[in-house]
Amino acid sequence: MGTMPKHGKQYRKAMDGLDRQAKYSVEDAVAKALGASFAKFDETVDVALNLGVDPKYSDQMVRGAIALPHGLGKTVRVAVFCKGDKEAEAKAAGADFVGAEDLVAKVKEGFLDFDTAIATPDVMALVGQIGRVLGPRGLMPNAKTGTVTFDVAAAVQEVKAGRVEFKVDKAGVLHAPLGKVSFGPEKIMDNLKAVLGEVNRLKPSAAKGSYMKTMAVSTPMGPGFKVEPTLIRKFIEG
């Protein structure tokens, strides 16, 4: 038998009377997820989308980024790999760590005290040396998400303001943060609509059948509240 997690009593209380199979409107799912949060800290609200794609085929991969209308409510530490004039540009835009060979060497030694990495195209060969470190942690700069660019100032400012990157996993599920519980339902729904709109825009032409199959809104320690699939489309278009 497994042991009950530390938050077992609170979790059971949050689950009390909850129909695990119930489907809600987007508005109700967000409200219930916020209401079920029992942590003593300001939890992040997340959305999980089960997409009708097979990510093992490159033409069905869904990956992108979106600047959320209300940000994420947290301080994002940004590392920028660049040289020359771009270093001053990155620092002026608010980058926390800036460098090229020196920053790569630091990461090789175990430094990973940042949440997002941005790189200019001319140093990507250098950054490739630490790809095995950055990749598994979701920190590898990528042109598709706007983190490989010469416009480092704009990239840093977007990330600092609350830019979210997302990528469908091997099981066809896409996760994205939507902000903090303290945002309240309206701001969370604004951010959710931005994420859903961008995911919908990126629908691969090779994807067949239903695209957004299921969706759930939750906090890390609370239960997930599923949304009626037909209402996802109405919410995006509403």
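Please read these numbers as outputs of a predicted model, since none were measured by experiment.

Asks: Is there a simple way to explain the sheet that holds strand β4 (residues 78–81) in this structure?
Replies: In a beta sheet, neighbouring strands are held together by backbone hydrogen bonds and run either parallel or antiparallel to one another. Pairing within the open sheet is parallel, and its three strands lie in the order β5-β4-β6. A strand with exactly one partner marks an edge of an open sheet, and here the two such strands are β5 (97–99) and β6 (116–119). Across the sheet, the mean angle separating the axes of adjacent strands is 15° when strand polarity is ignored. The pairing of β4 with β6 spans four bridges and is parallel. Bridging from a neighbouring strand, Phe81 pairs with Ala119 of β6.

Asks: Before we go on, may I ask you to explain the confidence of the model for the protein chain in this structure?
Replies: The predicted coordinates should not be examined in detail at positions where pLDDT is low. Taken over all residues, the pLDDT of the protein chain has a mean of 90, while the share at 70 or more is 92%. Considering only residues more than four positions removed or in separate chains, one finds that residues 1–6, a stretch of pLDDT under 50, has one contact.

Asks: Even after reading the chapter, I still don't get helix α4 (residues 101–108), so can you show me in this structure?
Replies: Residues that lie three or four places apart on an α-helix share one face, since the helix turns once every 3.6 residues. Among the residues making up α4, those that are buried are Leu103, Val104 and Val107. Seen from one end, α4 has its buried residues packed into an arc of 100°, which puts them on one side. With respect to the buried face of α4, the exposed residues turned more than 90 degrees away are Asp102 and Lys108. Its buried side turned inward, α4 meets β4, β5, α5 (124–127) and α6 (131–134). Phi for Gly110, located one or two positions after α4, is positive at around 115°.

What counts, and at which threshold
- Residues numbered from 1 in each chain as written.
- Predicted model: local features only at pLDDT ≥ 70, side-chain atom pairs only at ≥ 80, totals over all residues.
- Heavy atoms only, no water.
- Pairing = 2+ DSSP bridges.
- Helix = DSSP H or I, 4+ residues; strand = E, 2+ residues; numbered from the N terminus.
- Axes fitted to C-alpha atoms, helices over the stretch in contact; angles between N-to-C directions.
- pLDDT = per-residue confidence, 0-100.
- Contact = heavy atoms within 4.5 Å.
- Buried < 20%, exposed > 50% of the residue type's maximum accessible area, 1.4 Å probe, protein only.
- Arc of directions from axis to C-beta.

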